[in-house]
Amino acid sequence: MTKKQTALKVYSTRRNFKVSPEPVAPKRVKKGSQKHPIFVIQKHSASHLHYDFRLEIDGVLVSWAVPKGPSLNPAVKRLAMPTEDHPMAYAHFEGTIPEGSYGAGTVMVWDIGTYYSIKEKDGQILTPAECLRRGTLEIFLEGTKLQGAYALIRTKRGWLLIKMKDEYAHGRKNPVTTQTKSALTGRTMTEILRQAQDDSKGDL
Ligand code: MN
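Overview of the structure.

Section: the overall build of the chain
Here is step 1: Tallying secondary structure elements over the chain gives 4 helices and 11 strands in all.
Here is step 2: Looking at the chain as a whole, 47% of its 204 residues qualify as buried.
Here is step 3: Pairs at least 24 residues apart make up 58% of the contacts formed inside the chain by residues separated by at least 6 positions.
Here is step 4: For the chain, the exposed surface amounts to about 11,200 Å²; the carbon and sulfur share of it is 52%.
Here is step 5: Counting 32 positive and 20 negative side-chain charges, the chain places the centres of these two groups 5 Å from one another.

Here it is in structure tokens:
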């Protein structure tokens, strides 16, 4: 079994797909670096509201939970707690995970797009997979809400998500509080929850 299959095993063992509407993990993942890998940020109203920051690396979505969500201010360091790798299909998952399940609560695709590594070493751009091993990612996001350069840095006290200085940085704007609709469906968290409740009534 490859390392990545082991990683998605964590995803699978935590979930009961008979109960949760979340996507099932594939048996195999396609490793290797993509030319246009995707990123997704999911707003997740679990027991504590947080934003799941996910990067496509080696055929899975490598994930961090960011309690306060991304900032546009380079002076702000956001705590980013590593969580289990998620299957690629999760990037388009919106819905409500039922009470009693792992991660119970509503999930919105808050932002989605592609990204690329801008981390240089000796005149070469390092792949995201190499950056992940080294514990320092520098990436350029091309999303519907977020653009520009971000760093994810492993420190002794955990990972940090930091906006890098560029033309997209801003000292005061906070997209997390001002932009509250899905990048995929335009729905609010309440609308996603209502839809899930209506759908489950239809099943009875
Ligand atoms: Mn989450």
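Some remarks on the packing of aromatic side chains
Here is step 1: For the structure shown, the criterion picks out 7 aromatic pairs.
Here is step 2: On the basis of an interplanar angle of 80° and a centroid distance of 5.9 Å, the ring pair of Tyr51 and Trp110 is categorised as edge-to-face. One end of the pair, Tyr51, is in strand S2 (residues 49–57); the other, Trp110, is in strand S6 (residues 105–117), and 59 residues separate them in sequence. Residues Tyr51 and Trp110 agree in their burial class; the two are buried.
Here is step 3: Between Tyr90 and Phe93 the ring centres are 5.1 Å apart and the planes differ by 50°, which places this aromatic pair in the tilted class. We note that Tyr90, like Phe93, is buried.
Here is step 4: Chaining the aromatic ring pairs together yields one cluster made of Tyr11, Phe17, Tyr90 and Phe93.

Considering the nonpolar core
Here is step 1: Counting residues in each nonpolar core, the largest one holds 44 residues, and the members touching the most others are Phe53, Leu55, Ile57, Trp64, Leu137, Leu141 and Leu152.
Here is step 2: If you tally residues by element for this core, the top one is S6, at 6 residues.
Here is step 3: Excluding anything up to four places from it in sequence, Leu55 contacts Ile38, Phe39, Val60, Leu61, Val62, Trp64, Tyr115, Leu137, Ile139 and Leu152.

With respect to the coordination of the manganese ion
Here is step 1: Here the manganese ion is held by His44 (ND1), His50 (NE2) and Asp52 (OD), and the distances to it run 2.1 to 2.3 Å.
Here is step 2: Considered as a linear motif, the donors of the manganese ion on their single chain read H-x5-H-x1-D. For the pair His50 and Asp52, a shared accessibility class is recorded, and that class is buried.

Calculation rules
Numbers given to residues run from 1 along each chain, matching the order in which its sequence is written. Local features are withheld for residues below a pLDDT of 70 in this predicted model, meaning they are given only at 70 or higher, and side-chain atom pairs are given and counted only at 80 or more; totals for whole chains, interfaces and linings count all residues. The side-chain values count all of the structure's non-hydrogen atoms but skip hydrogen atoms and water molecules. Numbering goes from the N terminus for both helices and strands, where a helix is a DSSP run of H or I of at least four residues and a strand is a run of E of at least two. Here the term buried applies to any residue with accessible area under 20% of the maximum for its type, exposed to any over 50%, and partly exposed to those in between, with areas from a 1.4 Å probe on protein chains only. Note on contacts: a residue pair qualifies if any of its non-hydrogen atoms lie within 4.5 Å across the two residues. The accessible surface values rely on the Shrake-Rupley method and a 1.4 Å probe; as for residues, cover is taken only from the protein chains in view. Positive charge is attributed to Lys and Arg, negative charge to Asp and Glu, and no charge count is given to His or to the chain ends. In this description, the location of a charge corresponds to atom NZ of lysine, CZ of arginine, CG of aspartate or CD of glutamate. We call Phe, Tyr and Trp rings a pair once their centres come within 6.5 Å, taking the six-membered ring for Trp, and we label the pair stacked below 30 degrees between planes, edge-to-face above 60, and tilted otherwise. Grouping buried Ala, Val, Leu, Ile, Met, Phe, Trp, Tyr and Cys residues that are joined through side-chain atoms within 4.5 Å yields what is termed a nonpolar core. Any nitrogen, oxygen or sulfur atom within 2.8 Å of a metal ion counts as a donor, with the limit raised to 3.2 Å for Na, K and Ca, and since water is left out, coordination shells can look unfinished.

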